[in-house]
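# Survey of secondary and tertiary structure
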Amino acid sequence: MRTPFRNTQRPHNRYYRTQKVCLIAVSTLAFFIAAVTVFELPIILSDYYVEKQPIDGTHNLPSFPADASAGGNDDVTAAAVAVAVAVPTENNNTLPGRPYPAHLFIDKKLIRDADAHGKVFDFVIAGFPKCGTTTMIENLGHVAPVPGADVCTPVHNSVYYAYVNWPVKFATAAESKPLRGMKCPMFIDGDWLLEWSAHLPRTGVIVGIRHPVLWFQSFYNMQANFNIEKPLLPVYRYNATCSGGGSCRSGCPNNWLFCTSRARFHVALARLGKTPMGDAERSLLAPNDFDGGLSVQSMNIRNPVFLYESSQIGDDVLWEDLADFLSYAGEIPHNKFVGSHGPQRSEEMIKKVEARKIDICEPTYDNFRKELMPYAWQMSRWICDYFVPSGDVRVTEGFCSIVRDYENDPCGRLVHVGNGTYVLNNSLTDR
């Protein structure tokens, strides 16, 4: 009897189905690679600290079954958590005198105003990247068990890590590290801080800023240093905005890590809601940008803010003021300085890296700086005329003297002619 046609074709069909699946997989991979190449999607994860998730395998906090048995030495197990939430003992994961606050959670979530009767989480370094945040967290690591890299996790998870995971990894029984904190420079962008304001409004928000021109040069050169095989876009391409829709990251289109819009530190700070934001101050909040001026919306963040300028990070008085802001009675050692220097490379590779970097003060970038300097001028006024006097922002002496100088081109080639407009200095001979 003749075999039905459909039966003879089954193996053949499976073969083509397999081919089709493989083709889809390859096409997807090719699309991803193209997206990374063309749109500069970030694929380097080494800049972020990857923390073990709580024991239930989700991003929520774990349950605490009392009869669970312990697992491996490196695993966060139910038994380990049970110890952590009990009265502190010599084997407790938490540091002496500060046990894990399990009573502040309902259904694995912090209650609202969980720190009403005392601080639960002392600080969050919320921004801005390339403004000394890594040096800041490394030195605060003397008094808090924290990783030196970015940890960008929900507030509920962050408390769990700070009380259960990190004391084991970043402190010893002989060390006194009573504070709890973390670093995520992305928090200042978007709506990350809303949940901190809702659940832990007493957590101090630490923010560093830098002259926008110097910030852009630093960020560009960092990318030139780390992504050596990846072509960088021309500098002038980075003035693109998210006004056309599409994927946007920290104010930058195409999920870029940086752009001129991300240098608008004052706009991000204004969204914290520390000032009334009347018409006069809104005129200083990038009023000509599609998301500036009248479009800036307050999030009414209740957390107090400690604001510093990156050049102050080596000053003793800054660390004294920060200790007072954090209600820390001792002295915070500040003997560490951490920069983004990239991996060890051969002399030939170092030359390639240096060739990719820019000197933003070169005449070829004069027009580009003309686009950044209005933000610097606005920032120098809004921060010191409105933000600092708000009553919920702490700065160190000399801060506004530094920030007021933002209105000057750090390259000395542009001059201010009024209302944030800059032109090339007529006396220059290399115009």
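Our subject is the structure that appears above.
Residues numbered from 1 in each chain as written. Predicted model: local features only at pLDDT ≥ 70, side-chain atom pairs only at ≥ 80, totals over all residues. Heavy atoms only, no water.

## Structural notes on the state of the cysteines
Applying the stated criterion across every chain yields a total of 5 disulfides. Shown here is the disulfide that connects Cys 152 with Cys 184, its sulfur atoms set 2.0 Å apart. Note on the Cys 152 and Cys 184 pair: the S-S dihedral is about 100°, so by sign convention the disulfide is right-handed. In this pair, Cys 152 is assigned in the loop between helix 4 (133-140) and helix 5 (155-170) and Cys 184 in the loop between strand 4 (181-183) and helix 6 (193-199), connecting sequence segments 32 residues apart. Looking at Cys 184, the relative accessible area reads 0%, which means it is buried. Here Cys 384 connects covalently by a disulfide to Cys 400, the sulfurs 2.3 Å from one another. Here the S-S torsion is close to -115°, and the disulfide linking Cys 384 with Cys 400 is therefore left-handed. Pair noted here: Cys 384 is in helix 12 (residues 366-387) and Cys 400 is in helix 13 (residues 399-404), with a separation of 16 residues, a long-range link. Numbered by position along the chain, the disulfide-linked cysteines of the protein chain connect as 1-2, 3-4, 5-6, 7-10, 8-9. (Disulfide = S-S within 2.5 Å. Helix = DSSP H or I, 4+ residues; strand = E, 2+ residues; numbered from the N terminus. Buried < 20%, exposed > 50% of the residue type's maximum accessible area, 1.4 Å probe, protein only.)

## Some points on the nonpolar core
The biggest cluster of nonpolar side chains holds 83 residues, and the ones touching the most others in it are Ile 209, Phe 216, Leu 269 and Ile 383. Considering each element in turn, this core owes the most residues, 11 residues, to helix 12. The residues contacting Leu 269, other than those within four sequence positions of it, are Phe 128, Ile 188, Val 207, Ile 209, Leu 307, Trp 382, Ile 383 and Phe 387. Grouped together as the second largest cluster of nonpolar side chains are 21 residues, Ile 125, Met 136, Phe 325 and Tyr 328 included. (Core = buried A, V, L, I, M, F, W, Y, C linked by side-chain atoms within 4.5 Å. Contact = heavy atoms within 4.5 Å.)

## Side note on the pattern of salt bridges
Scanning the model with the defined rule gives 16 salt bridges in all. A salt bridge links Arg 302 to Asp 113; the nearest nitrogen and oxygen atoms lie 2.5 Å apart. Pair noted here: Arg 302 is in the loop between helix 9 (279-282) and strand 8 (305-309) and Asp 113 is in the loop between strand 2 (109-110) and strand 3 (123-127), with a separation of 189 residues, a long-range link. Since its relative accessible area comes to 36%, Arg 302 is described here as partly exposed. A single network of salt bridges, built from pairs that share partners, joins Asp 366, Arg 369, Asp 409 and Arg 413. (Salt bridge = Lys/Arg side-chain N within 4 Å of Asp/Glu carboxyl O.)

## Focus: the sheet that holds strand 3
Across a sheet, paired strands are connected by hydrogen bonds in the backbone, their directions being either parallel or antiparallel. Across the sheet, which stays open at both edges, the 5 strands sit in the order 4-3-5-8-9 with parallel pairing between neighbours. Edge strands, defined here as strands with exactly one partner in the open sheet, are strand 4 and strand 9 (393-394). Of the pairings in the sheet, the one linking strand 3 to strand 5 (residues 204-209) comprises 4 bridges and is parallel in character. Across the sheet, Gly 127 pairs through a bridge with Val 207, a residue of strand 5. The sheet contacts of helix 4 involve strand 3, strand 4, strand 5 and strand 8, and relative to strand 3 the element is tilted by about 170°. (Pairing = 2+ DSSP bridges. Axes fitted to C-alpha atoms, helices over the stretch in contact; angles between N-to-C directions.)

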